[in-house]
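Notes for the structure review
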Amino acid sequence: FIGVNNAFSLDEAGTGIDVRDRSRTPLPDLAKAYKEAGIDWIAIGDENYGEGSSREHAAMSPRLLGAAAVITRSFARIHESNLKKQGLLALTFANPGDYDLIEEGDRISLVGLNELRAGKPVRCLITHRDGRSIAIELRHSYSEAQLAWFHAGSALNCLSASARQLGTTDVGATT
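Here is a short report on the structure shown in this document. Along every chain, residues carry numbers that run from 1 in the direction the sequence is written. Totals for whole chains, interfaces and linings use every residue, but because this is a predicted model, local features are given only for residues with pLDDT of at least 70 and side-chain atom pairs only at 80 or more, for both listing and counting. Water and hydrogen atoms were dropped before computing side-chain values, which therefore reflect all heavy atoms in the structure.

With that settled, consider the pairing of strand 5 (residues 89-93). Both faces of the sheet carry side chains from a regular strand, because those side chains alternate between them. Think of it in three bands: with a 1.4 Å probe and only protein chains considered, a residue is buried below 20% of the maximum accessible area for its type, exposed above 50%, and partly exposed in between. Helix and strand definitions follow DSSP, with helices as H or I runs of at least four residues and strands as E runs of at least two, each counted in order from the N terminus. In terms of burial, strand 5 is largely enclosed, as five of its five residues are buried. Side chains of strand 5 alternate between two faces, with Leu89, Leu91 and Phe93 and Ala90 and Thr92 buried alike. Pairing between strands is defined by DSSP: at least two bridges between the two strands are required. Here strand 4 (residues 67-72) runs beside strand 5; their pairing, made up of four bridges, is parallel. By the bridge assignment for strand 5, Ile71 is matched with Leu91. Handedness of a crossover: with both strands directed away from the viewer, a clockwise path from the first strand across the helix to the second marks it as right-handed. With respect to chirality, the unit in which strand 4 leads through helix 3 (residues 77-85) into the neighbouring parallel strand 5 is right-handed. Of the strand pairs in this sheet, strand 5 and strand 8 (residues 133-139) are connected by two bridges, and their pairing is antiparallel. Within the sheet, the bridge partner assigned to Phe93 lies in strand 8 and is Leu138.

What follows is about the packing of aromatic side chains. Only centres within 6.5 Å qualify two rings of Phe, Tyr or Trp (six-membered ring in Trp) as a pair; their planes then separate them into stacked at under 30 degrees, edge-to-face at over 60, and tilted for everything else. A complete count under the given rule lists two aromatic pairs for this structure. Their ring planes at 85° and their centres at 5.9 Å tell us that Tyr49 and Phe75 sit as a pair that is edge-to-face. With Tyr49 in the loop between strand 3 (41-44) and helix 2 (56-64) and Phe75 in the loop between strand 4 and helix 3, this pair connects stretches of sequence that are 26 residues apart. The pair Tyr49 / Phe75 is uniform in exposure class, with both members buried. With a centroid separation of 6.1 Å and 90° between ring planes, the pair formed by Phe93 and Tyr99 is classed as edge-to-face. A relative accessible area of 4% means that Phe93 is categorised as buried. Between Lys84 and the ring centre of Tyr142, over which it is positioned, the NZ or CZ distance is 5.0 Å. In this analysis the charged atom, NZ for Lys or CZ for Arg, is taken to sit over a ring once it is within 6 Å of the ring centre and within 35 degrees of the ring normal.

In this section: the nonpolar core. Grouped together as the largest cluster of nonpolar side chains are 29 residues, with contacts concentrated most on Leu83, Leu89 and Leu138. At the level of secondary structure, the elements contributing two or more residues to this core comprise helix 1 (27-37), strand 3, strand 4, strand 5, strand 7 (122-127), strand 8 and helix 4 (144-152). For the purposes of this section, nonpolar cores are sets of buried Ala, Val, Leu, Ile, Met, Phe, Trp, Tyr and Cys residues that join through side-chain atoms within 4.5 Å.

The next point concerns helix 3. Residues His79, Glu80, Asn82, Leu83 and Lys84 constitute the buried set of helix 3. Contacts from the buried residues of helix 3 go to helix 2, strand 4, strand 5 and helix 4. Here a residue-residue contact requires only that any non-hydrogen atoms of the pair lie within 4.5 Å.

We now examine the packing of helix 2 against helix 3. Following both chains from N to C, one finds helix 2 and helix 3 inclined at 40°, their axes separated by 8 Å at the closest point. Put simply, helix 2 runs oblique to helix 3. The handedness of the crossing between helix 2 and helix 3 comes out as right-handed. Counted together, Glu56, Ala58 and Ala59 of helix 2 and His79, Asn82, Leu83 and Lys85 of helix 3 form the full contact between these two elements. All axes here are fitted lines through C-alpha atoms, helices being fitted over the stretch that makes contact, and every angle between N-to-C directions spans 0 to 180 degrees. An angle below 35 degrees is treated as roughly parallel, one above 145 as roughly antiparallel, one from 65 to 115 as roughly perpendicular, and anything else as oblique. Put simply, a crossing is left-handed when the front helix is turned counterclockwise from the back one by less than a right angle, and right-handed when it is turned clockwise.

This part covers the pattern of salt bridges. Each salt bridge in this description consists of a side-chain nitrogen of Lys or Arg and a carboxyl oxygen of Asp or Glu lying within 4 Å of one another. Under the defined criterion, the tally for this structure stands at six salt bridges. Taking the shortest distance from any N to any O, the salt bridge between Asp46 and Arg73 comes out at 2.9 Å. With Asp46 in the loop between strand 3 and helix 2 and Arg73 in the loop between strand 4 and helix 3, this pair connects stretches of sequence that are 27 residues apart. Residue Asp130 is joined to Arg132 by a salt bridge in which the shortest nitrogen-to-oxygen separation is 2.6 Å. Judged by relative accessible area, Asp130 falls into the exposed class, the value being 53%. Among the charged side chains, a salt-bridge network with shared partners connects Asp46, Arg73 and Asp100.

Right, here's the structure in full:
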């Protein structure tokens with residue numbers, strides 16, 4: 001996120017506005033501070049989010065810094081897949097125009113994630129600083145197996161848990 005243009009902090013690429021004190025902060029520092037404070041955060045993106053960012057670390061870094069989801073108008077295919085493997089929710093606006101409803105300082109709530117199923121939309125509640133709320137619909141392309149990755153925190157966590165259940169956590173070579 002070092003070079004990203006934040007729609008609400010256009011003065012310098014790679015900065016964001018801290019919801020706690022409204023200071024402009026480099027996004028990597030802001031993400032670290034939120035994680036340390038136990039604040040989940042969501043990245044909001046426009047078209048073809050993740051283009052040119054197909055390496056796993058482009059999805060792994062936000063996950064390790066406490067991101068809960070990425071909501072966009074559309075994703076670059078490989079990056080969307082990598083977000084899924086990292087256990088992040090990769091969601092798109094059902095109505096692409098809903099992107100424009102998000103205002104600086106909004107609180108975004110994803111409702112009913114425990115009941116998330118393949119093909120079932122996600123309800124998103126946008127609460128503006130003045131208390132007004134708007135409900136919108138988000139879509140996803142997760143299969144049931146990919147949803148298990150999300151619930152486990154990543155594909156690797158899911159595979160590790162499955163291996164433990166099967167009693168196959170010891171890996172070794174025999175001759």
